[in-house]
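Observations on the three-dimensional arrangement
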Amino acid sequence: NAGVTQTPKFQVLKTGQSMTLQCAQDMNHEYMSWYRQDPGMGLRLIHYSVGAGITDQGEVPNGYNVSRSTTEDFPLRLLSAAPSQTSVYFCASNDRWWTGELFFGEGSRLTVL
Amino acid sequence: TQLLEQSPQFLSIQEGENLTVYCNSSSVFSSLQWYRQEPGEGPVLLVTVVTGGEVKKLKRLTFQFGDARKDSSLHITAAQPGDTGLYLCAGARPGAGGTSYGKLTFGQGTILTVHP
């Protein structure tokens, strides 16, 4: 049972570089989201999608882009990495938006130098 | 300003002790979830409470949703080293309708360490 798969698990970037964090789910969930986790801050919502072709901003969207061309995939793009984006990123999916159980990936640890 | 305030942020106790983690807000939530996260993994749902005053038990864990649906608590009886982890509460607030979607807001988390 794969659930939610995130790649890569670890990445080091230099300031100004761009990259994409991949997220795929095999549970046919309509809803997907990206969170970042920083010490003492809990999880903060970056972007979310309520279905293929539909995305919206969360609490902390600046510096990130998303798209949802298929139900399964929800990549997160960092356009020009900054040290403030050093964090652990989690992708999640659920079948009922904001009330259903969130299924998380294992996380992607990003360091921006 | 954190919408959901968890306390304490850190808890270090001996095996067999009891503990309570609190999750407080000035806002009303439709429901509240508790997650547990281990190092290197994503959070995993423990419970969802939806009714004011609701109490749910999961073995040694007792979850309560406040009558006004603004706060919640997690009580662990006779803690064990296997309970060690980060505990997160998350509150659900509905959107205003139309294209305004509801949001799930997380507290800062409580790091629990249970020593053998």
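In what follows, the structure referred to is the one given above.
In this text, all values refer to a predicted model and were calculated from it rather than measured experimentally.

Thresholds applied
Residues numbered from 1 in each chain as written. Chains lettered and ligands numbered in written order. Predicted model: local features only at pLDDT ≥ 70, side-chain atom pairs only at ≥ 80, totals over all residues. Heavy atoms only, no water. Helix = DSSP H or I, 4+ residues; strand = E, 2+ residues; numbered from the N terminus. Rg over C-alpha atoms; globule rule 2.2 N^0.38 Å. Areas by Shrake-Rupley, 256 points an atom, 1.4 Å probe, with all protein chains shown as cover. Lys, Arg positive; Asp, Glu negative; His and termini not counted. Charge placed at Lys NZ, Arg CZ, Asp CG, Glu CD. Buried < 20%, exposed > 50% of the residue type's maximum accessible area, 1.4 Å probe, protein only. Contact = heavy atoms within 4.5 Å. Pairing = 2+ DSSP bridges. Axes fitted to C-alpha atoms, helices over the stretch in contact; angles between N-to-C directions. Disulfide = S-S within 2.5 Å. Core = buried A, V, L, I, M, F, W, Y, C linked by side-chain atoms within 4.5 Å. Buried area = accessible area lost by both parts, 1.4 Å probe. Salt bridge = Lys/Arg side-chain N within 4 Å of Asp/Glu carboxyl O. Polar contact = N/O pair within 3.5 Å; in protein donor to acceptor, adjacent residues only side chain to side chain. Nonpolar A, V, L, I, M, F, W, Y, C, P; charged D, E, K, R; others polar.

What to know about the overall build of chain B
- In terms of helices and strands, chain B carries 0 helices and 11 strands.
- Helices and strands in chain B line up, N terminus first, as β-β-β-β-β-β-β-β-β-β-β.
- A compact globule built from 116 residues would reach a C-alpha radius of gyration of about 13 Å, and chain B, at 14 Å, matches this within 12%.
- Carbon and sulfur atoms provide 51% of the accessible area of chain B, an area that totals close to 5,500 Å².
- Here chain B carries 9 positive and 9 negative side-chain charges, and the mean point of each set is 9 Å from the other.

Examining the overall build of chain A
- Helix and strand content of chain A: 0 helices and 11 strands.
- Counted from the first residue to the last, chain A has its helices and strands arranged as β-β-β-β-β-β-β-β-β-β-β.
- In terms of overall size, chain A behaves like a compact globule, its C-alpha atoms giving a radius of gyration of 13 Å where 113 residues would be expected to give roughly 13 Å.
- In terms of overall dimensions, chain A has C-alpha extents of about 35 × 30 × 25 Å along its principal axes.
- With 113 residues in all, chain A has 49% of them scored as buried.
- Within chain A, contacts between residues at least 6 apart in sequence are counted, and of these 53% link residues at least 24 apart.
- Looking at chain A as shown, the accessible area adds up to about 5,200 Å², and 49% of this sits on carbon and sulfur atoms.
- Averaged over its 8 positive side-chain charges, chain A has a centre that lies 10 Å from the centre of its 10 negative ones.

Description of the sheet that holds strand 3 (residues 19–25) of chain A
All names here are of chain A.
- A sheet is described by the order of its strands in space; here 4 strands give the open sequence 1-3-8-7, paired in antiparallel fashion. Strands at the two margins of the open sheet, each flanked by one partner only, are strand 1 (4–7) and strand 7 (64–66). Each strand of the sheet is rotated relative to its neighbour by a mean of 20°, with strand direction disregarded.

Points about the environment of A:Phe104
- In this structure, A:Phe104 sits in strand 10 (residues 103–104).
- Sequence separation between A:Phe104 and A:Ser33 is 71 residues; the distance between their C-alpha atoms is 9.3 Å.
- Apart from the residues within four sequence positions on either side, A:Phe104 is in contact with A:Val4, A:Tyr35, A:Leu43, A:Phe90, A:Cys91, A:Ala92, B:Tyr35, B:Gly42, B:Pro43 and B:Phe106.

Regarding the state of the cysteines
All names here are of chain A.
- Following the criterion strictly, the structure yields 2 disulfides over all chains and no others.
- Covalently, cysteine 23 is tied to cysteine 91 through a disulfide, its sulfur atoms 1.9 Å apart. Because the torsion about its S-S bond is -75°, the bridge between cysteine 23 and cysteine 91 counts as left-handed. Taken as a pair, cysteine 23 in strand 3 and cysteine 91 in strand 9 (residues 87–94) lie far apart in primary sequence, 68 residues in all. Assigned by exposure class, cysteine 23 and cysteine 91 land together as buried.

Concerning the nonpolar core
- Core analysis: the largest hydrophobic core is formed by 21 residues, its most contacted members being B:Ile13, B:Leu19, B:Leu32, B:Trp34, B:Leu74, B:Ile76 and B:Leu112.
- Those elements giving two or more residues to this core turn out to be strand 2 (10–14), strand 3 (19–24), strand 4 (31–37), strand 5 (44–49), strand 7 (61–65), strand 8 (71–76), strand 9 (85–93) and strand 11 (110–115) of chain B.
- Sequence-distant contacts of B:Ile13, that is, excluding residues within four places in its chain, are made with B:Leu19, B:Ala79, B:Leu112, B:Thr113, B:Val114 and B:His115.
- By size, the runner-up hydrophobic cluster in this structure holds 19 residues, among which are A:Tyr35, A:Ala92, B:Tyr35 and B:Leu45.

Some words on the interface of chain A and chain B
- Contact with chain A, which involves 22 residues of that partner, is made by 25 residues of chain B.
- Between chain A and chain B, the buried area comes to about 1,700 Å², and carbon and sulfur atoms account for 59% of it.
- In this structure, the connection of chain A to chain B is made through 0 salt bridges.
- Along the contact surface separating chain A from chain B lie 3 residue pairs in polar contact (both at pLDDT 80 or more).
- Counting only elements with at least two residues in the side of chain A that touches chain B, the list comes to strand 4 (31–38), strand 5 (42–51) and strand 6 (54–57) of chain A.
- Residue composition of the side of chain A that touches chain B, grouped by class: 12 nonpolar, 7 polar and 3 charged.

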